[in-house]
Amino acid sequence: MRAFLYILTSLAVIGLAFWAYRENYATQQALSEAEKLRDGIRSAHSRLAVLRAEWAYQNRPERLRDLAVINFDRLGLLPLHPDQFGQVDQISYPAPPLVPITNPVDVSTMAAEKDPL
């Protein structure tokens, strides 16, 4: 009986060692993937910062003004002035769509049913 218990304990220890070995490598792989993701996020942030700087550089008002002057014949762009902008309450919004009448009401019968007060 003791030999069986020793063999069973040895197999349990070997099984647990194998499980710990696999978990260790799975954890190392997960950490490696997380680090790769962090590197990708860092590089995306740096690319985004460069793109924002380029966008700010390309949208300088004096550059856009010069482009509007150069391309006036083709595009007909004019400089914007503050008096060209309106108020929000000046906007005419489209009317809501009309709901179709599904059950028409006969008005002539409504006058007969009217009770005097």
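Note: the structure precedes this text.
The present account deals with the structure reproduced in this document. (Residues numbered from 1 in each chain as written. Predicted model: local features only at pLDDT ≥ 70, side-chain atom pairs only at ≥ 80, totals over all residues. Heavy atoms only, no water.)

## Considerations on the overall build of the protein chain
Item 1. Tallying secondary structure elements over the protein chain gives four helices and zero strands in all.
Item 2. When the helices and strands of the protein chain are placed in sequence order, the string is α-α-α-α.
Item 3. Against the 2.2 N^0.38 benchmark of 13 Å for 117 residues, the protein chain shows a C-alpha radius of gyration of 39 Å, more extended than a compact globule.
Item 4. Dimensions along the principal axes, computed over C-alpha positions, put the protein chain at roughly 105 × 70 × 30 Å.
Item 5. Within the protein chain, buried positions represent 2% of all 117 residues.
Item 6. Carbon and sulfur atoms make up 66% of the accessible area of the protein chain, which amounts to about 11,800 Å² in all.
Item 7. Each charge class in the protein chain can be summarised by its mean position, and for the 12 positive and 13 negative side chains these summaries are 17 Å apart. (Helix = DSSP H or I, 4+ residues; strand = E, 2+ residues; numbered from the N terminus. Rg over C-alpha atoms; globule rule 2.2 N^0.38 Å. Buried < 20%, exposed > 50% of the residue type's maximum accessible area, 1.4 Å probe, protein only. Areas by Shrake-Rupley, 256 points an atom, 1.4 Å probe, with all protein chains shown as cover. Lys, Arg positive; Asp, Glu negative; His and termini not counted. Charge placed at Lys NZ, Arg CZ, Asp CG, Glu CD.)

## Some words on the packing of aromatic side chains
Item 1. For the structure shown, the criterion picks out one aromatic pair.
Item 2. Between Tyr 21 and Tyr 25, the ring centres sit 4.9 Å apart and the planes meet at 65°, which makes this aromatic pair edge-to-face. With a gap of four residues between them, Tyr 21 and Tyr 25 both fall in helix H1 (residues 2-58), about one helical turn apart. (Phe/Tyr/Trp six-rings, centres within 6.5 Å; stacked < 30°, edge-to-face > 60°.)

## Considering the pattern of salt bridges
Item 1. For the structure on display, the rule yields four salt bridges.
Item 2. With its nearest N and O atoms 3.8 Å apart, the salt bridge here joins Arg 42 to Glu 35.
Item 3. Assessed through its relative accessible area of 47%, Arg 42 is described here as partly exposed.
Item 4. Between Asp 39 and Arg 42 there is a salt bridge, with the nearest N and O atoms lying 2.5 Å from each other. One end of the pair, Asp 39, and the other, Arg 42, are both in helix H1, three residues apart, so they sit about a helical turn from each other. (Salt bridge = Lys/Arg side-chain N within 4 Å of Asp/Glu carboxyl O.)

## Some points on a nonpolar patch on the surface
Item 1. Taken together, the side chains of Met 1, Phe 4, Leu 5 and Leu 8 present a nonpolar region at the surface, about 510 Å² in accessible area.
Item 2. When you line up the elements, Leu 8 lands in helix H1. (Patch = residues over 30% accessible without salt bridge, like charges linked within 9 Å, V, L, I, M, F, W, Y side chains within 5 Å.)

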